[in-house]
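# A structural walkthrough
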Amino acid sequence: MRNIMSWIKTVSMQLIIGIFFLELFSFLGSKAGIFIVNYTPALYQFQSSSSIAESYHEGRTEREVWGAWRRPNSTTRQGRECFDIEISTNEVGARDSSFEQLEGKNLVLLGDSFAEGFGVEYTNTAQYILEQKLGINVLNFGSAGNFGPLQQYLIYRDLASSYEHDSVLIFVLPANDFTDNDRAYWEGSEANRIRYRPYYSYQDNILTPWYFPEATATDIYGDYSVSTDSSNVTAINLTVRIKKFLIGNLWLSNPLRTLSYILTKHDITAGNYYLSATEEQQSDLVRAYSSVVVEAAGKPVSFVIIPTQRDFMLLENNVELVESQIWHQGLKELASSSGGVFIDLINFRTRDTTKLFHTCDGHWSEFGNIWAAGAIVDEFSH
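These notes cover the structure that comes with them.

Calculation notes
Residues numbered from 1 in each chain as written. Predicted model: local features only at pLDDT ≥ 70, side-chain atom pairs only at ≥ 80, totals over all residues. Heavy atoms only, no water. Disulfide = S-S within 2.5 Å. Helix = DSSP H or I, 4+ residues; strand = E, 2+ residues; numbered from the N terminus. Buried < 20%, exposed > 50% of the residue type's maximum accessible area, 1.4 Å probe, protein only. Pairing = 2+ DSSP bridges. Axes fitted to C-alpha atoms, helices over the stretch in contact; angles between N-to-C directions. Parallel < 35°, antiparallel > 145°, perpendicular 65-115°, else oblique. Left-handed = near helix turned anticlockwise from the far one by under 90°. Contact = heavy atoms within 4.5 Å. Nonpolar A, V, L, I, M, F, W, Y, C, P; charged D, E, K, R; others polar. Salt bridge = Lys/Arg side-chain N within 4 Å of Asp/Glu carboxyl O. Lys, Arg positive; Asp, Glu negative; His and termini not counted.

### Considering the state of the cysteines
Applying the stated rule across the entire model yields one disulfide. Residue pairing for Cys82: its cysteine sulfur links by disulfide to Cys360, the two sulfurs lying 2.0 Å apart. An S-S torsion of about -70° defines the bridge between Cys82 and Cys360 as left-handed. Here Cys82 is found in the loop between β3 (75-80) and β4 (83-88), whereas its partner Cys360 is found in the loop between β9 (342-344) and α13 (366-381), with 278 residues between them in sequence. Accessibility expressed as a relative area gives 21% for Cys82, which makes it partly exposed.

### Considerations on the pairing of β3
Note that β3 and β4 share six bridges and pair antiparallel. Bridged to Arg80 within β4 is Phe83.

### Brief notes about the packing of helix α4 (residues 149-158) against helix α10 (residues 279-296)
Two elements in contact, α4 and α10, have axes whose closest approach is 8 Å; the angle formed by their N-to-C orientations is 15°. Regarding the angle of α4 to α10, the classification is roughly parallel. Two packed elements cross with a definite hand, and for α4 against α10 that hand is left-handed. Between α4, through Pro149, Leu150, Gln152, Tyr153, Tyr156 and Arg157, and α10, the contact on the second element is made entirely by Leu285, Ala288, Tyr289, Ser291, Val292, Glu295 and Ala296. Here the contact of α4 with α10 is built from residues that sort into nine nonpolar, two polar and two charged.

### Section: the pattern of salt bridges
Per the stated rule, a full pass over the model turns up ten salt bridges. One salt bridge in this structure joins Glu116 and Arg60, with 3.0 Å as the shortest N-O distance. On the criterion of sequence distance, the pair formed by Glu116 in helix α2 (residues 113-116) and Arg60 in strand β1 (residues 60-64) is long-range, its members being 56 residues apart. Across the pair, Arg60 and Glu116 agree in class, each one buried. For Arg193, the salt bridge is made with Glu214, and the minimal N-O distance between the two is 2.8 Å. Residue Arg193 is found in helix α7 (residues 190-193), and its partner Glu214 is found in the loop between α7 and α8 (233-249); the two are separated by 21 residues along the sequence. The class of Arg193 is partly exposed, set by a relative accessible area of 21%. Look at the salt bridges and you will find they share partners, linking Arg60, Arg70 and Glu116 into a network.

### A short note on the environment of Leu259
Tracing the sequence through the fold places Leu259 in helix α9 (residues 253-264). Sequence separation between Leu259 and Phe35 is 224 residues; the distance between their C-alpha atoms is 9.0 Å.

### Considerations on the side chain of Asp180
Among the secondary structure elements, Asp180 is positioned in the loop between α5 (174-177) and α6 (183-186). No salt bridge is formed by the buried Asp180; the nearest opposite charge belongs to Arg197, separated by 4.2 Å. Not counting the four nearest positions on each side in its chain, Asp180 is found in contact with Asn146, Phe147, Gly148, Trp186, Arg197 and Tyr199.

Okay, here's the thing in structure tokens:
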């Protein structure tokens, strides 16, 4: 027994020492930027999240035909471990200054959380920077809260199009725009079925919004975590919790995530948002944006494609694979036929793409918004 206890003690000490040196190596490597992922764990960001942990979607509703939106003339806070910002809305609920008494040229911006400016102050959003650099009014109708192409079409048709404007700009996020309004993708989630947000119809006109029977319009956007009836839900939850703990507390998560990126490169489509959509999902997305072009009635409609950090990693030296995708070709043709511009930000790679995103979140950082706006201005100027 004494020998066993001594062995356990020895192994435990060796394990602790090994973890210590692994963590030290990971810390030094992250600070030196030698990994693909070099995020600072939330534990070391020295910001209390107790008051902001539940404020991701405070002030948001799901009562309109397009689903997620914000209350008009409201001010709330939005926070996570690495940011704590103020969100103010105008008279229609857009995160923008007033749309009344506008002078000069107007551009309507459609999109999801990237368009809304998730995680950065208003003056640091791509929208605001575009206004300053282009000298026009950018009317921001972007919204977080799983706001997909169908919703963007509906808000343009029912609200944004009523404002005088000269052109339309759409932010497209392959990471979730293919699935946001895919009814089949979400129907297994009991929690999601009560959300009042539209999905593509199975009828001839897929853009006729369809809602789950359990869904009811609400003034309070709830916590709609995806649930599943799968028998392995416990194992899935355990895996997610372990991953969340590693990312939030250990520098070791950076080399582990870097290794994961490298290992998945054997199959370039594995986990790559640009290449993972089905033909039906791609066609639905193009059809939704085609309807925006029709509603725009001759106005130029431009598209900006937004890569995630994962897309940057998996598509490095393989960008040409995207060209054959139905959605990529379709949006490029829509932009060209309407007189707009097609901009894929995957082609504007920076030396350190991790700086484009928040350390605790996948949305653009202040630097990312500046980078994106700069690329758009450059393309618009050609």
